[in-house]
Amino acid sequence: MISKLISTTLFLLVSTLAFSQNVNVTGTVSDTDALPLPGVNIIIKNTTKGVTTDFDGNFLLENVPINSILVFSYVGYQTQEIVITESTNLNVILQVDTETLDEVVVVGYGTQKLSKVSGSVATVKEEAVEQLKPVRVEEALQSNAAGVNIISSGSPGAGPAIAIRGVVSNSGSSPLVVIDGIQQTLADLNSLNPSDVASISVLKDAALAAIYGVKGGNGVIVVTTKSGSKYGKTTFNFDSYYGVQEVTKTIDVLNASEYAAILNEASANAGEGIIFPNISQFGVGTNWQDEVLRTAPIETYNISASGGGEKVDYYASAGYLSQEGVVGGGDKSFFDRLTLANRLNADLSDKFKLLLNTNYTNIKGKGLAENSVNSVLANALNFDPTVPVYNENGGYSISNTITQEIVNPLAQIANTFNESNTNKLFGKIELQYDLLDNLKVTSRFGYTYVDIYNKNFSPFVFYGVGHNATNANPDLSPIVTVDEETGEETRTHNRVSESKTNYFNYTYELFANYNFIINENHNFETVLGMSLQRDKGENITANAQDIPFNSWTYADVSSATGDAESQTSSSWQYVKRNLSYFGRVNYDYKGKYLLSFTGRVDGSTVFGNNNKFGFFPSGSLGWVISNEDFYSSNTFDYLKIRGSYGTVGNDNIPNQFSRISTFPKYVFDGNIISGATLGTIPNEDVSWEKQIQINAGFDLRVFNNSLSLTADYYQKTTDDLLFDPTPSLYLGSITAPPANIGKSKTNGVDVSLGYNNSFSENFSFSTSVNFTTVSTNVEEVSNDSKFIWGSGYGIPYTNITRFEEGFTPWYFFGYQTDGIFQNQSEINAHATQDGAQPGDIRYKDVNGDGIINDNDRTKIGDPFPDFTIGWNLSFNFKNIDFNVSTFASVGNDIYRAYERNLNYTNRFAGTLDRWTGEGTSNSEPRVTFVDTNNNRRASDRYIEDGSYFRVKNIQLGYTLPQSVYDQTGLSSVRLYAQVKNALTFTDYSGYDPEISAGSFSDTGIDRGTYPIPRIWAMGVNVKF
């Protein structure tokens, strides 16, 4: 009994003593300059209990056991541990970690300290992405990464064209995209929420890209997403903004009265009658641009949670973006994206680690025809302004003069029906095992699955009598025609098309990283591994006609009432495989002398049987002069020179297999029999493009590392360019296989200059400028004509770009003009120009043979800039933050292809300065319905300087004082206002000088391109 009493007493005493020894700890965390550090993690060691400092560096941690250890950790600073012996108010000063000042960049299959990188890399940090609030991640590269050219479209969700250090390949210039080690086969960043991005590394030269071999010929974009932190208290981040989009510029076209007067003049000049006897009745008429352009909303919501314990860290996020189009908009043009992401890193043991990444994206959208001869904007620019929007019956008006393919753009919008739904799932399962000290073995399985559903419906529409696009009578009944000889009836139909496309890619990689030191001074970082990749894609498309009620509601293949013969289907599929072996050795001696060697062996099924495998080596050297004992400069804190040489490849071609088409059908004994024909033939000798890259540069930091300068000269020579040659007519409709028939050479410089400094506790400032030049010449095209046609425009179709030996790639090809013929004597004195009359355009006799014909066509412009400049500025003053981002493109030309110049289409404001008699104009030709001189031919008349300077982003933010929300549990509340694409300065007369159709062979051709809108937005960011 006594022993029990003693035991109970001791237990109560110890418990009371233990309880009484839990204390509260308060304090402030700052750096060595006495500046408060917000967001410092403070954890009771060996527990998950902790807090983070507020905006002013203050913290309160309750019920801390006596003799426990508080761990203070913050990125860029040395971790500090403090033993708690009593209730106290701490003043903690964290020391800068000089090792972390040396930025770590993500490269292929590992990371490297920037001071030890001897190749060329550009890095875009999380802060830059957050400031821009891009719809797509690629937008953050423009103006932030030297050597990277991004050409965007304003269409909702549209992908930009991306070129790293120029366009060198006909088979595609898109770089390889790697997200958390997962290679994205479709080079698509649209499925990634920009709010999840932690950093972007652009590997620009062979020294870094060669580790990806045949995939790295166009450069590599390596994206690292956010993750949690061990011993980190769970934190939440909510960000949202709502904005309004608007088109800032329209194109000057003729109003109704001007249009009628010009058509009367053109008719009279052709010897025909007056079309509009009373032009005063029209007034200004309908401005179709005002009718189709609109303000449109854009909104986004993102929430994330991150944290971790002793063995696990995690990050989870959800995001939603909705963007309507400024053309048409509403339910006719929009882009909706839902993203879900999860990152989980777990220490299964002291040596075994598991990494799980899962990403899901759903994209829904509808679109309108853009940047084409039948686009909504092309119709708005060229349609009849004398016609009202609606007729007296409430329907859309038609033009009685325009009988070609130009239609009422509002009717076109109303009768456009389509939808798309994309589901994408990608991620990885990765295991890391520390086999020995500094020897880590990684087994990674990455996967990507994409499912795409598309549906299009073409209803019965009446656009006018004799119109090329007409497929119905005015009452929307089918048009019936009868063959006079056979009496057989033919009728038009409405149609529906549905398609299902699937892509599945997986990559298995097994590699080992071994870092070791010999004799304390010789540092080695090595990687050795293998990769197995499989890409598969398949599609099935079904077409049917005669949809009930001519209605989108019933637009489904299963609902179609057409006969069996009208229901058709098609399909395709492909499989690609790659087997690769790779290795890399990085060496440095005392951080002074740097050496790197990389090699990769790639095997690919896309190549011919005679060239299945290729070897892609690279090497680089660096010298950190500032680490030398003799270096004594008080100005330069850091100076490194470096150079690299290496080979990368390109495999953007289909598999080399013969393909049989069963499309041909024949009639035997009254029965329809399917036939077969050879569709493609393989090229057993085709091989990868071999790109040899040379890079030389230096890195410099001065003024206590606050000012940095990086400069590079690069040269790329591409042999065995891949092309699809034109087959002999003797082969019929067969598609020729890809062949190595070209060579190009590119050189230039890219420079980055940055300044970053904190002047006081309340004020910090940073700015950066990057500058890039690109010069490319096609050295060889090994076919009979020495060129390959690119893109064109119009009806009939006119080729306008060429990839030709001795010229820049995809230059504009046409006639050079030399003013206007003022009288007949000038015509007589000029080279023979058939059909020319006074008032017509005079073309140059380029070859000097005395005759103006196709042989006088030559280079008339270049769609790619001579150089680009990005400039960014930001500062923080107390609770206010401000940043500006700009971009300039200089020297790029644009071909103005949206002018149809048909007899009855609308004309552009310049027409008012037309030639009407000798001496009246030397730039605009006469107007006539009988153009014997063909003034519409492709010429430099349509070439304009597309140089521009754009203020891409202006953002002003204010972080509320914590006293406002101190009792709410929130740790930070920031409000911000933003203007994206605020101002564009350019001499180009079109909507937008940034012309992209997603392909570089199509760059610079403006068929009525979708303008990039200005966005006014306000948002909030909350952390708790």
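Note: the structure precedes this text.
The rules we used
Residues numbered from 1 in each chain as written. Predicted model: local features only at pLDDT ≥ 70, side-chain atom pairs only at ≥ 80, totals over all residues. Heavy atoms only, no water. Helix = DSSP H or I, 4+ residues; strand = E, 2+ residues; numbered from the N terminus. Rg over C-alpha atoms; globule rule 2.2 N^0.38 Å. Buried < 20%, exposed > 50% of the residue type's maximum accessible area, 1.4 Å probe, protein only. Contact = heavy atoms within 4.5 Å. Areas by Shrake-Rupley, 256 points an atom, 1.4 Å probe, with all protein chains shown as cover. Lys, Arg positive; Asp, Glu negative; His and termini not counted. Charge placed at Lys NZ, Arg CZ, Asp CG, Glu CD. Expected span 1.5 Å × (residues − 1). Polar contact = N/O pair within 3.5 Å; in protein donor to acceptor, adjacent residues only side chain to side chain. 1 Å grid on protein atoms, 1.4 Å probe; cavity = no way out; pocket = protein on both sides within 12 Å on 5 of 7 lines; lining within 4 Å. Points joined across faces, edges and corners; volume = space filled by probe spheres on them. Nonpolar A, V, L, I, M, F, W, Y, C, P; charged D, E, K, R; others polar. Pairing = 2+ DSSP bridges. Axes fitted to C-alpha atoms, helices over the stretch in contact; angles between N-to-C directions. Core = buried A, V, L, I, M, F, W, Y, C linked by side-chain atoms within 4.5 Å. Phe/Tyr/Trp six-rings, centres within 6.5 Å; stacked < 30°, edge-to-face > 60°. Lys NZ or Arg CZ within 6 Å of the ring centre and 35° of its normal. Patch = residues over 30% accessible without salt bridge, like charges linked within 9 Å, V, L, I, M, F, W, Y side chains within 5 Å. Salt bridge = Lys/Arg side-chain N within 4 Å of Asp/Glu carboxyl O.

(A) Structural detail: the overall build of the protein. A count of helices and strands for the protein gives 10 helices and 58 strands. Against the 2.2 N^0.38 benchmark of 31 Å for 1024 residues, the protein shows a C-alpha radius of gyration of 33 Å, consistent with a compact globule. For the protein, the C-alpha atoms occupy an extent of roughly 125 × 70 × 60 Å along the three principal directions. The buried share of the protein, taken over its 1024 residues, is 50%. Restricting the contact set of the protein to residue pairs at least 6 apart, pairs at least 24 apart contribute 69%. When the accessible surface of the protein is totalled, it reaches about 45,000 Å², and 54% of it is carbon and sulfur. Treating the 72 positive side-chain charges of the protein as one cloud and the 109 negative ones as another, the clouds have centres 7 Å apart.

(B) Here's a closer look at helix H5 (residues 256–269). Taking 1.5 Å of rise per residue, 14 residues should cover 20 Å, and H5 covers 20 Å from first to last C-alpha, within 8% of that figure. Restricting attention to buried positions, one finds in H5 the residues Ala256, Tyr259, Ala260, Ile262, Leu263, Asn264, Ala266 and Ser267. For H5, the side-chain oxygen to backbone nitrogen distance between the N-cap and Ser257 is 3.2 Å, and the N-cap itself is Asn255. Residue Gly271 follows H5 closely and has a positive phi angle near 80°.

(C) Examining empty space enclosed by the protein more closely. Inspection of every chain in the model, using the stated rule, returns 11 cavities of 30 Å³ or more. One number sums up the size of the largest cavity: a volume of about 370 Å³. Elements with a minimum of two residues in the lining of the largest cavity: strand E55 (948–959) and strand E56 (972–986). Split into classes, the residues belonging to the lining of the largest cavity amount to 9 nonpolar, 8 polar and 6 charged. As a volume, the second largest cavity reaches approximately 120 Å³. Lining the second largest cavity we find 16 residues, and of these Ile151, Pro863, Ser889, Asn892 and Pro993 sit closest to its centre. A per-element tally of the lining of the second largest cavity places strand E11 (residues 148–151) first, with 3 residues.

(D) The arrangement of the sheet that holds strand E10 (residues 121–125) in detail. Spatially, E10-E15-E16-E13-E14 is the arrangement adopted by the 5 strands of the open sheet, whose pairing is mixed. A strand with exactly one partner marks an edge of an open sheet, and here the two such strands are E10 and strand E14 (182–184). The mean angle between the axes of side-by-side strands here comes to 20°, regardless of whether they run parallel or antiparallel. Looking at chain direction, strand E13 (residues 176–179) and strand E16 (residues 220–225) are connected through 4 bridges and run parallel. The residue of E16 that forms the bridge with Ile179 is Val223.

(E) Local environment of the sheet that holds strand E54 (residues 943–945). Taken in spatial order, the 3 strands line up as E54-E53-E57 in an open sheet, and their pairing is mixed. Looking at which strands have only one partner, the edges of the open sheet turn out to be E54 and strand E57 (1005–1006). Inspection of the sheet shows strand E53 (residues 893–896) paired to E54 by 3 bridges, in the antiparallel sense. From the neighbouring strand, Tyr895 faces E54, where its bridge partner is Ile943.

(F) A look at the environment of Glu310. Tracing the backbone shows Glu310 in the loop between strand E18 (296–308) and strand E19 (312–324). What makes Glu310 partly exposed here is its relative accessible area of 40%. Distance from Glu310 to Tyr797, taken between C-alpha atoms, is 66 Å for residues 487 residues apart in sequence.

(G) Geometry of the nonpolar core. One finds Trp288, Val292 and Val327 to be the most contacted residues of the largest nonpolar core, which totals 35 residues. Only H5, helix H6 (288–292), helix H7 (376–382) and helix H8 (409–414) provide two or more residues apiece to this core. The element best represented in this core is H5, accounting for 5 residues. Residues contacting Val327, with those up to four places away along its chain left out, are Val292, Leu293, Ser333, Leu368, Val376, Leu377 and Tyr1010. Residues Ile150, Ile164, Val177 and Ile182 belong to the second largest nonpolar core, which totals 24 residues.

(H) Here's a closer look at the packing of aromatic side chains. Applying the stated criterion across every chain, the model contains 44 aromatic pairs. Ring centres of Phe524 and Tyr587 lie 4.9 Å apart, and the angle between their planes is 45°; on these two criteria the pair is classed as tilted. In this pair, Phe524 is assigned in strand E27 (residues 522–545) and Tyr587 in strand E28 (residues 568–589), connecting sequence segments 63 residues apart. Between Tyr898 and Phe908, the ring centres sit 5.4 Å apart and the planes meet at 55°, which makes this aromatic pair tilted. You can see Tyr898 sitting in the loop between E53 and E54 and its partner Phe908 sitting in the loop between E53 and E54, a full 10 residues away along the chain. The same class applies to Tyr898 and to Phe908, which are both buried. Among the aromatic residues, ring-to-ring pairing joins Phe787, Trp789, Phe807, Tyr811 and Phe813 into one connected group. Residue placement shows Lys455 over the ring face of Trp552; its charged tip is 4.9 Å from the ring centre.

(I) Structural context of a nonpolar patch on the surface. Residues Leu348, Phe352, Leu431, Tyr433, Leu435 and Leu436 make up a contiguous nonpolar surface patch of about 520 Å² in total accessible area. Sorting elements by how many residues they give to the nonpolar patch places strand E22 (residues 417–436) first, with 4 residues. One can find Phe352 in strand E21 (residues 352–366). Overall, the relative accessible area of 30% leaves Phe352 in the partly exposed class.

(J) Quick peek at unusual backbone geometry. Note that the residue after Ile795, namely Pro796, is joined by a cis bond; omega there is 0°. Note on placement: Pro796 falls in the loop between strand E44 (792–793) and strand E45 (798–799). Within the chain, Ser143 stands out as a residue other than glycine whose phi angle is a positive 85°. With respect to the helices, strands and loops of the structure, Ser143 is situated in the loop between helix H3 (126–132) and E11. Phi at Asn981 takes a positive value of approximately 55°, unusual for a residue other than glycine. Examined against the element boundaries, Asn981 turns out to sit in strand E56.

(K) Main features of the environment of Glu130. Among the structural elements, Glu130 can be located in helix H3. Along the chain, Glu130 and Val253 lie 123 residues apart, while their C-alpha atoms are 40 Å from each other. Every residue in contact with Glu130, bar those within four places of it in the chain, is listed here: Lys226 and Gln955. Reaching out from Glu130, the side chain makes a polar contact with the side chain of Lys226 at a distance of 3.3 Å.

(L) View of the side chain of Asn879. By secondary structure assignment, the location of Asn879 is in the loop between strand E51 (867–877) and strand E52 (880–890). Residue classification places Asn879 among the buried residues on the basis of a relative accessible area of 17%. A polar contact of 2.8 Å, which involves the side chain of Asn879, links it to the backbone oxygen of Thr959.

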